[in-house]
Amino acid sequence: MILVTGGAGFIGANFVLDWLAVGDEPVVNLDKLTYAGNLHNLDSLQGDASHVFVQGDIGDRTLLDRLLAEHQPRAVINFAAESHVDRSIHGPEDFIQTNVVGTFRLLEAVRHYWQALPATQKEAFRFLHVSTDEVYGSLAPAAAAFTEEHNYEPNSPYSASKAASDHLVRAWHHTYGLPVLTTNCSNNYGPLHFPEKLIPLMIVNALAGKSLPVYGDGMQIRDWLYVKDHCSAIRRVLQAGRLGETYNVGGWNEKPNIDIVNTVCALLDELRPRSDGQSYTTQITYVTDRPGHDRRYAIDARKLERELGWKPAETFETGIRKTVQWYLDHPEWVAQVQSGAYREWVQKQYEGAAA
Ligand code: NAD
Ligand code: DAU
């Protein structure tokens, strides 16, 4: 049995679905179901006894103690977080509460549970913390990609809160000996991605005939990894990662945002051409830049490849085609996530934002 937190969100849900597809070890899935959590992501697991869903907060110590005692997991994988940089700029409080205080409470609950385990179970236990490349800050154009030795230089409330959580995880290993592993991954994309983030926002806006808002000059660089490759990396680190180590996860797919948007448009032009025969690129609009916008991220994932033999299965070309096709095939999922709260967010973030 493993305990996954945040398993109704984008990466967590993909992880739970893949975990149960490749093996038979049961999962307890603890998720608060914030705006980003969606039980429909897990619809295919209805009636599956190997998936136990619990709605709750990683900051709720009483609940955590009860779940750990009841299910006796051999590992905890922490995906739960507030994850959207733009939201962290509008309102950082939730990011501090979940990403910092929540991770602290989870670590304390897990530490007490782990310390009381019998010796063999204690030795086998793992706490895997899912983190981000954003903790390393922004790279100059010609600088080498982030290795695990790069200094932490977070620039947004989101990345600062994730950096703080990474430090707590490190300290719980160093001080208490908690058997931790940390992964720092680049930008994910794929099925179930909430359409507040670049790629799914561009797909759903394009199909709805809306503008495609590109921040600033569109030349910010992100390093893209198909979500299922991130999930396979986490499984591999959980299986064989060295205790207390951090592993960077990435696919060597650095691309400027405008190239991503043009690629999405080209795929939609091919797969779902506009009725007026024009390209979706005509919907691109340059808007006011994100405050403090990091210019470039790039991940050096050679440690994970060298030590654990992990490699991504998808190239950007295969992954982005699958992703666009998934959104075309799941209009009901897209309609369902575009709730009143989603519309309020879009209005707050983009209204009057044309550059
Ligand atoms: P997401 O926003 O899609 O999902 C987060 C999930 O956590 C949601 O289901 C939400 O309900 C849940 N949650 C939030 N606060 C909670 C709390 N207090 N208690 C319990 N559950 C709570 O995020 P995501 O994109 O799936 O990211 C998952 C993790 O991976 C995060 O830790 C994020 O920092 C990290 N990460 C994301 C990316 C990316 O590109 N999306 C890349 C690297 C790392
Ligand atoms: O690098 C990993 C991180 O990737 C994760 O830790 C975060 O949880 C995840 O949200 C993501 O952060 P980004 O800020 O890079 O992702 P986002 O999809 O919000 O933006 C990607 C790039 O696209 C970024 O440079 C901002 C730009 N952008 C984004 C949106 C939503 C636009 O130009 N227009 C938009 O409307």
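Cut-offs and rules
Residues numbered from 1 in each chain as written. Chains lettered and ligands numbered in written order. Predicted model: local features only at pLDDT ≥ 70, side-chain atom pairs only at ≥ 80, totals over all residues. Heavy atoms only, no water. UniProt positions renumbered as here; feature names shortened; annotations may be inferred. Helix = DSSP H or I, 4+ residues; strand = E, 2+ residues; numbered from the N terminus. Near = heavy atom within 4 Å. Polar contact = N/O pair within 3.5 Å; in protein donor to acceptor, adjacent residues only side chain to side chain. Areas by Shrake-Rupley, 256 points an atom, 1.4 Å probe, with all protein chains shown as cover. Nonpolar A, V, L, I, M, F, W, Y, C, P; charged D, E, K, R; others polar. Pairing = 2+ DSSP bridges. Axes fitted to C-alpha atoms, helices over the stretch in contact; angles between N-to-C directions. Contact = heavy atoms within 4.5 Å.

Draft legend 1. Layout of the UniProt feature "domain: NAD(P)-binding" (unreviewed entry) in the chain. This chain's UniProt record puts "domain: NAD(P)-binding" (unreviewed entry) on residues 3–323. Secondary structure content for residues 3–323 is 41% helix and 17% strand, while the C-alpha to C-alpha distance between its ends is 28 Å.

Draft legend 2. Just the site of ligand 1, in detail. The environment of ligand 1 is made up of 28 residues, and the closest members are Ile11, Asp31, Ser83, Tyr158 and Lys162. Between ligand 1 and Asp57 there is a distance of 2.9 Å, counted from a nitrogen atom to a side-chain nitrogen or oxygen. Here a nitrogen atom of ligand 1 sits 2.9 Å away from a polar atom, N or O, in the side chain of Thr98. A total of 830 Å² of accessible area belongs to ligand 1 in isolation, and the protein chains cover 97% of it. A per-element tally of the shell around ligand 1 places strand β5 (residues 126–132) first, with three residues. Considering only residue class, the shell around ligand 1 consists of twelve nonpolar, twelve polar and four charged.

Draft legend 3. Region of interest: the sheet that holds strand β2 (residues 27–31). A sheet is described by the order of its strands in space; here seven strands give the open sequence β3-β2-β1-β4-β5-β6-β10, paired in parallel fashion. Each having just a single partner strand, β3 (51–55) and β10 (246–249) make up the two edges of the open sheet. Between one strand and the next, the sheet's axes are offset by a mean angle of 20°, whatever the strand orientation. In this structure, strand β4 (residues 75–78) lies alongside β5, joined through four bridges in parallel fashion. In the sheet register, Ala75 faces β5, and the bridge partner there is Arg126. Across the sheet, helix α4 (residues 93–115) touches β1 (2–5), β4 and β5, and the angle it forms with β5 is around 165°. Relative to the sheet, helix α6 (residues 157–176) contacts β5 and β6 (180–185), its axis offset from that of β5 by approximately 155°.

Draft legend 4. Seen up close, the site of ligand 2. By nearness alone, 24 residues border ligand 2, and Asp133, Tyr158, Arg290, His293 and Tyr350 come closest of all. Contacts to ligand 2 include Thr132, whose side-chain N or O atom sits 2.7 Å from an oxygen atom. Within the side chain of His293, one N or O atom sits 2.7 Å away from an oxygen atom of ligand 2. Broken down by secondary-structure element, the contributors of at least two residues to the shell around ligand 2 are α7 (198–207) and β8 (212–215). It is β8 that provides the largest number of residues to the shell around ligand 2, a total of three residues. Partitioning the shell around ligand 2 into residue classes produces ten nonpolar, eight polar and six charged.

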